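Chain residues, written in single-letter form:
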Amino acid sequence: MHALTRTARLTGLFYLGNAITGILGFLIVRPQLFAADDPSATLANLVAHESLARAGVALELGMVVTQTLAAVWFARLFRTADPVAASGIAAFGLVNAVVGLASAAMLATAVGVSADPVGDAAANVQVLYLVSDNLWGVGALFFGLWLIPMGWCVLRSGWMPRALGWVLVGGGAGYVLSAFIRYLAPDAQVVAEALAYPASIGEFWMVGYLLIHGVRRHALFEAPPTVPTPTPAAT
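Bear in mind that the values here come from a model prediction, so they are computed numbers and not experimental data.

Caption draft 1: Focus on the overall build of the chain. A count of helices and strands for the chain gives seven helices and zero strands. Going residue by residue from the N terminus, the α and β elements of the chain occur as α-α-α-α-α-α-α. Taking contacts inside the chain between residues at least 6 apart in sequence as the whole, the part at least 24 apart equals 78%. Carbon and sulfur atoms make up 71% of the accessible area of the chain, which totals about 11,500 Å². Measuring between centres, the 11 positive side-chain charges of the chain sit 23 Å from its 12 negative side-chain charges.

Now the structure itself:
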C-alpha cells in the first residue's frame, strides 16, 4: 500500500474512533446520567449506575486519545500540501484534546463525589456536570477552528473533492459562530445547532473518504504540492 494511502486511512481510523467515542459519550451515556434541571436526579443516577458513569469517563478519555492521534496524523498527511495549515490542524486539534481531558476530570470527580459524598453531593455533582458541558460548549471554538485549516489543506492538495474542502471550511466557520450564539443568544439554540450541521456533514464525509479512498489516485503518482516561498527583495 502506498505510504500516503496508509497515512490517510490511519487518519480516517483515528477520526472514526473520535466520532464513535463522542457519539457514545454524548448521545447515549450522558443523557442517562445528567438531569439538567434536577441535581438530586443526577446524583441518584450516578449512584444507581456507577459502572455506566465510569464508562462515560472512559469514553471521554477515548475521545482525548483519538482526537490527539487524529490531529497528529492529519498534520502528517497534509504536511507536504501546506505545512502551516497542517500545523494549525495539529495545534487546534490538540486544544480539543485538552478540553476533553478537563471534561473527563470533571466527570471522574462527579463519580467520586457520588460514591464518597463531599458537602452537598447533589449540588456538587451537578456543578461538575455543568462545567463539563460548558467546557465542550466553549471548546466548539476549536472544534470549528481545526476544520478550517483541514478544509484548506483539502483545497490546496487536490487529494479529496474540492466540495469537501469548502464544506469543511464553511462548517468550521459555522461551528465557531455557534459557540458565540450559544452564550450570547441562549434563546436561539436552534440556530446554534443548525450552524454546526455542515461541520458534522464535512467530518463524516472526510472520515468516509479517508477510509474508503485514502486520497485520489493521481496524488500517488505526482510530486507533492509545494508551497511557494517568498524571495528576498533585491538590495
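Let's pick the thread back up.
Caption draft 2: Inspection of the layout of surface pockets at higher detail. By volume, the largest pocket amounts to about 1,300 Å³. Here the lining of the largest pocket is composed, by residue class, of 21 nonpolar, nine polar and five charged.

Caption draft 3: Up close: helix 2 (residues 39-48). Of all the residues in helix 2, the buried ones are Thr42, Leu43 and Leu46. Projected down its long axis, helix 2 shows its buried positions confined to an angular sector of 95°, all on one face. Turned more than 90 degrees from where helix 2 packs its buried face, Val47 and Ala48 sit exposed. Taken together, the buried residues of helix 2 touch helix 1 (3-33), helix 3 (50-78), helix 4 (83-115) and helix 5 (121-157).

Caption draft 4: Fine view of the nonpolar core. Counting 37 residues, the largest nonpolar core has Phe74, Leu77, Phe78, Trp146, Met150, Met160 and Met206 as its most contacted members. Of all the secondary structure elements, the ones that give two or more residues to this core are helix 1, helix 3, helix 4, helix 5, helix 6 (162-184) and helix 7 (189-212). It is helix 5 that contributes the most residues to this core, eight residues altogether. Aside from chain neighbours lying at most four places away, what touches Met160 is Leu77, Phe78, Val154, Met206, Tyr209, Leu210, Gly214, Val215 and Arg216. Formed by 17 residues, the second largest nonpolar core is a distinct cluster that contains Phe34, Leu43, Ala122 and Leu128.

Calculation notes
Residues numbered from 1 in each chain as written. Predicted model: local features only at pLDDT ≥ 70, side-chain atom pairs only at ≥ 80, totals over all residues. Heavy atoms only, no water. Helix = DSSP H or I, 4+ residues; strand = E, 2+ residues; numbered from the N terminus. Contact = heavy atoms within 4.5 Å. Areas by Shrake-Rupley, 256 points an atom, 1.4 Å probe, with all protein chains shown as cover. Lys, Arg positive; Asp, Glu negative; His and termini not counted. Charge placed at Lys NZ, Arg CZ, Asp CG, Glu CD. 1 Å grid on protein atoms, 1.4 Å probe; cavity = no way out; pocket = protein on both sides within 12 Å on 5 of 7 lines; lining within 4 Å. Points joined across faces, edges and corners; volume = space filled by probe spheres on them. Nonpolar A, V, L, I, M, F, W, Y, C, P; charged D, E, K, R; others polar. Buried < 20%, exposed > 50% of the residue type's maximum accessible area, 1.4 Å probe, protein only. Arc of directions from axis to C-beta. Core = buried A, V, L, I, M, F, W, Y, C linked by side-chain atoms within 4.5 Å.

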